[in-house]
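# Fold and geometry: a report
This is what each chain is made of:
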Amino acid sequence: FPEMRAVIEQEFGQPLDTLFSEFDETPIAAASIGQVYRARTRDGVDVAVKVQRPGLEEIIDLDMALLRIFAESLRGLLPPTDIDTIVTEIERSVREELDYRVEASWMQRIGALLENEARVMVPKVVKPLSGKHVLTSEFVVGRSLTRVLDEMQARQDVAGTADLLGRLLDMYLRQILQAGYFQADPHPGNLLVAEDGTLILLDFGCTAVLPEHFRRGYFEVLRASIIGDHDTVGRTLNELGFRTRSGAPDTLIAFTNALLTQLRQLMGEINAAGFVWPTP
């Protein structure tokens, strides 16, 4: 903790006791890049303080160099694979995560996007206590999405499960297809459910952006896949840059089918039962 305290005090140029009225030195969460602590501001607000581990920039430089060497050594062992694009995207994402100011900006932007969604929330950033290596936000209490779903399944709460998963789906469709930017790390630790059922989205260190033509293209792929229009699926993916070495779309269509076959089957069952979607 003394090392993490030093990061906070260096970030803001003040002693920890001046910045916060209370600060629990035991982290409530820890990952490779940072640790999260519970604290209370001087004006009495309970907050979560995410602190970056010191010296990460140098470690990441070495990690990325080793990743490129390792990936190159695998090239001859794998089927034809665009390793360069994969490694470049990993490096872009990891380096972006090192600047918590970027994460704070996305947290605010996606929070504003979802602000009027019923029973969905993103914790608010505390700007005066946030910087490049420290991110402070309001403290929220919730349990892992998967634990709550397991409990619902155990008591056969079909309506509750449908409501929760429906809000999760709506939340991501709005981000990906409507806004074109989305929290790209939706594992159960970043999706909590509050006591009143509110769905909480955390951790915006990994956020992706989709240009307008990608959003339109994904809409078209989804539509064409649902009605089984494989020619349009192959052509649209090719236009979006998903090209096979041979130029034939067979692999792309197989991949899309693997992802969307269950959805297509469900749509057929829903339509056969006379279900009408509530909105377009």
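Below: a short report on this structure. (Residues numbered from 1 in each chain as written. Predicted model: local features only at pLDDT ≥ 70, side-chain atom pairs only at ≥ 80, totals over all residues. Heavy atoms only, no water.)

## Things to note about the pairing of strand β4 (residues 46-52)
- Burial of β4 is extensive: six of the seven residues sit out of reach of the surface.
- Here seven bridges tie strand β3 (residues 34-41) to β4, and the two strands are oriented antiparallel to one another. Opposite Arg-40, over in β4, you have Asp-46 as the bridge partner.
- In this structure, the hairpin formed by β3 and β4 is closed by a connection of four residues, where Gly-44 is found at a positive phi of approximately 85°.
- Sheet topology note: the β4/strand β6 (residues 134-138) ladder contains five bridges and is antiparallel. Residue pairing for β6: Val-49 is matched across the bridge by Thr-136. (Buried < 20%, exposed > 50% of the residue type's maximum accessible area, 1.4 Å probe, protein only. Helix = DSSP H or I, 4+ residues; strand = E, 2+ residues; numbered from the N terminus. Pairing = 2+ DSSP bridges.)

## Some remarks on the sheet that holds strand β5 (residues 120-121)
- If you trace the four strands from one edge of the open sheet to the other, you get β5-β10-β9-β7, paired in mixed fashion. Because the sheet does not close on itself, it has two edges, and the strands there are β5 and β7 (143-144).
- Note: strand β9 (residues 191-193) against strand β10 (residues 199-201), three bridges, orientation antiparallel. Bridge pairing in β10 links Leu-191 to Leu-201.
- Here helix α7 (residues 158-179) sits on the sheet in contact with β5, β9 and β10, set at roughly 35° to β10. (Contact = heavy atoms within 4.5 Å. Axes fitted to C-alpha atoms, helices over the stretch in contact; angles between N-to-C directions.)

## Observations concerning the packing of aromatic side chains
- For the structure on display, the rule yields six aromatic pairs.
- Seen from their ring centres, Phe-20 and Phe-23 are 5.2 Å apart, and the 70° between their planes marks the pair as edge-to-face.
- Given the relative accessible area of 16%, Phe-23 is considered buried.
- Between Phe-214 and Tyr-218, the aromatic rings sit 5.8 Å apart at their centres with planes inclined by 65°, giving edge-to-face as the arrangement. Here the residue Phe-214 and the residue Tyr-218 both occupy positions in helix α8 (residues 212-226), the gap between them amounting to four residues, near one helical turn.
- Overall, the relative accessible area of 18% leaves Phe-214 in the buried class.
- Following the ring pairs from residue to residue traces out a cluster consisting of Phe-1, Phe-20, Phe-23 and Tyr-37.
- Arg-38 extends its terminal NZ or CZ atom over the ring of Phe-139, reaching a point 3.9 Å from the ring centre.
- Its end group placed over the ring of Tyr-181, Arg-109 keeps NZ or CZ at 4.2 Å from the ring centre. (Phe/Tyr/Trp six-rings, centres within 6.5 Å; stacked < 30°, edge-to-face > 60°. Lys NZ or Arg CZ within 6 Å of the ring centre and 35° of its normal.)

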